[in-house]
Amino acid sequence: MCYAEFASRVPKSGSAYIFTYVAIGEFLAFIVGWNLILEYIIGAASISKGLSLYIDSLVNDAMKNCFKLIAPITWDFLSSYFDFFAFGCPLLIGLALAFGLRKSAGINNILCILNLGVVAYVVVAVLFNADIRNWQINPIDIPSQYANTTGTGGFFPFGFSGTLKGAATCFFGFVGFDCIATTGEEVQNPQKVVPRALMLSLLVIFFAYFGVSLLTLMWPYYLLVNSKLTFSESLQINKFSF
């Protein structure tokens, strides 16, 4: 809401930096600007790493095994290998952005449509195959190999702490929405377009996460927790059939 208000009052590039500069002063704007840089670095790194892990899971950890041979890391506080794929993704996106907002908008639109299409497919699949019994699982009925990761069963298996962990994961879905506020000089009628885009993006993100979380209605939650489980093993354990 604050970003929408400032974007309509100060339709300039710079996002929170320019808003703070105009409203408060240069010193706090300096701090806010470097905090934004840190936020985007962390957000880009985590999303790039997540994309790398997703793709690697489809190719049976081929990239992970290759990178461990090429560039292993032995320090305990770092990853066990240098992920060249995750490192290259932000560079490629930055290169696309360097050609200008209009030229990169087409690629961005394609990726957004693809993402929303996958989410819509998942939500539709859940609606047609939902089973309320997956929210009423008794810990006694859970296979013994998942005994250490099952929680207390039922609808709220991991309690409030588990909810906080899930919220921390969802946080990255909201990192970067303030970039819309930086397009004030790129759009027509920014006083109306930018606030509407901000509100719409937040609603889309909310419904996307809300819809995907319904997977727990179609798939037992302990199988989702154990993400290393292969697809064939999951089919053998779960009664759901495609």
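### Here's the deal with the overall build of the protein
Then step 1. When its secondary structure is counted, the protein shows eleven helices and zero strands.
Then step 2. Starting at the N terminus and ending at the C terminus, the protein contains elements arranged as α-α-α-α-α-α-α-α-α-α-α.
Then step 3. Within the protein, the proportion of its 242 residues that are buried is 26%.
Then step 4. Summed over its atoms, the accessible surface of the protein is roughly 16600 Å², and 70% of this surface lies on carbon and sulfur atoms.

### Describing the nonpolar core
Considering soluble globular proteins, one finds that nonpolar side chains tend to be buried as a cluster.
Then step 1. Core analysis: the largest hydrophobic core is formed by eight residues, namely Ala4, Ala7, Val10, Ile18, Phe19, Ala181, Val194 and Leu198.
Then step 2. Counting residues per element, the ones that place at least two in this core are helix H1 (2-9), helix H2 (15-23) and helix H8 (190-213).
Then step 3. If sequence neighbours within four positions are ignored, Ile18 has contacts with Val10, Lys12 and Ser13.
Then step 4. Among the nonpolar cores identified, the runner-up in size contains seven residues, and Ile137, Tyr146, Trp219 and Leu223 belong to it.

### Quick look at the packing of H1 against H2
Then step 1. Close contact between H1 and H2 brings their axes to 10 Å; oriented N to C, the two are set at 70 degrees. Relative to H2, the element H1 lies roughly perpendicular. Helix-helix and strand crossings are classified by hand; for H1 and H2 the assignment is left-handed. Judged by residue contacts, Tyr3, Phe6 and Ala7 of H1 engage Ser15, Ala16, Phe19 and Ala23 from H2.
Then step 2. When grouped by side-chain class, the residues that make up the contact of H1 with H2 number six nonpolar, one polar and no charged.

### Some thoughts on the packing of aromatic side chains
Then step 1. Taken as a whole and judged by the stated rule, the model has eleven aromatic pairs.
Then step 2. Here the aromatic rings of Trp75 and Phe77 are separated by 5.9 Å at their centres, their planes lie at 15 degrees, and the arrangement is stacked.
Then step 3. The exposure class of Phe77 is exposed, given its relative accessible area of 67%.
Then step 4. Centre to centre, the rings of Phe206 and Phe210 are 5.9 Å apart; their planes meet at 25 degrees, and the pair counts as stacked. In this pair, Phe206 and Phe210 are both assigned in helix H8, four residues apart and thus about one turn of the helix distant.

### Thoughts on H8
Then step 1. Taking 1.5 Å per residue as the helical rise, H8 with its 24 residues ought to reach 34 Å, and the 34 Å between its terminal C-alpha atoms agrees with that figure.
Then step 2. Taken as a whole, H8 has its buried residues at Pro190, Val194, Pro195, Leu198, Ser201, Ile205, Ala208 and Gly211.

### Considerations on the packing of H1 against H8
Then step 1. Packing of H1 against H8 brings their axes to within 8 Å, and their N-to-C directions diverge by 165 degrees. Considered as vectors, H1 and H8 are oriented roughly antiparallel to each other. The element H1 and its partner H8 pack so that their crossing is right-handed. Only Gln191, Val194, Pro195, Leu198 and Met199 of H8 make contact with H1, whose side of the interface consists of Tyr3, Ala4, Ala7 and Ser8.
Then step 2. Within the contact of H1 with H8, the residues separate by chemical class into seven nonpolar, two polar and no charged.

### A short note on the pattern of salt bridges
Then step 1. Under the criterion given, the structure shown has two salt bridges.
Then step 2. Lys49 is the salt-bridge partner of Asp83, the closest N and O atoms lying 3.1 Å from each other. One end of the pair, Asp83, is in the loop between helix H4 (62-70) and helix H5 (84-98); the other, Lys49, is in helix H3 (residues 26-58), with 34 residues separating them in the sequence.
Then step 3. With relative accessibility at 8%, the residue Asp83 sits in the buried group.
Then step 4. The exposure class of Lys49 is partly exposed, given its relative accessible area of 24%.

### Observations regarding the confidence of the model for the protein
Then step 1. The pLDDT averaged across the protein works out to 79; a share of 88% of its residues lies at or above 70.
Then step 2. For the protein, the element scoring lowest by mean pLDDT is helix H11 (residues 231-237), at 39; H4 scores highest, at 89.
Then step 3. In this model residues 229-242 is a low-confidence stretch, pLDDT under 50, and it forms 22 contacts with partners more than four residues away in sequence or in other chains.

### Side note on a nonpolar patch on the surface
Then step 1. Together, Ile24, Phe27, Leu28, Phe30, Ile31, Trp34, Ile37 and Ile41 make up an exposed nonpolar region whose accessible area comes to about 860 Å².
Then step 2. If you trace the backbone, Leu28 turns up in helix H3.

Conventions we followed
Residues numbered from 1 in each chain as written. Predicted model: local features only at pLDDT ≥ 70, side-chain atom pairs only at ≥ 80, totals over all residues. Heavy atoms only, no water. Helix = DSSP H or I, 4+ residues; strand = E, 2+ residues; numbered from the N terminus. Buried < 20%, exposed > 50% of the residue type's maximum accessible area, 1.4 Å probe, protein only. Areas by Shrake-Rupley, 256 points an atom, 1.4 Å probe, with all protein chains shown as cover. Core = buried A, V, L, I, M, F, W, Y, C linked by side-chain atoms within 4.5 Å. Contact = heavy atoms within 4.5 Å. Axes fitted to C-alpha atoms, helices over the stretch in contact; angles between N-to-C directions. Parallel < 35°, antiparallel > 145°, perpendicular 65-115°, else oblique. Left-handed = near helix turned anticlockwise from the far one by under 90°. Nonpolar A, V, L, I, M, F, W, Y, C, P; charged D, E, K, R; others polar. Phe/Tyr/Trp six-rings, centres within 6.5 Å; stacked < 30°, edge-to-face > 60°. Expected span 1.5 Å × (residues − 1). Salt bridge = Lys/Arg side-chain N within 4 Å of Asp/Glu carboxyl O. pLDDT = per-residue confidence, 0-100. Patch = residues over 30% accessible without salt bridge, like charges linked within 9 Å, V, L, I, M, F, W, Y side chains within 5 Å.

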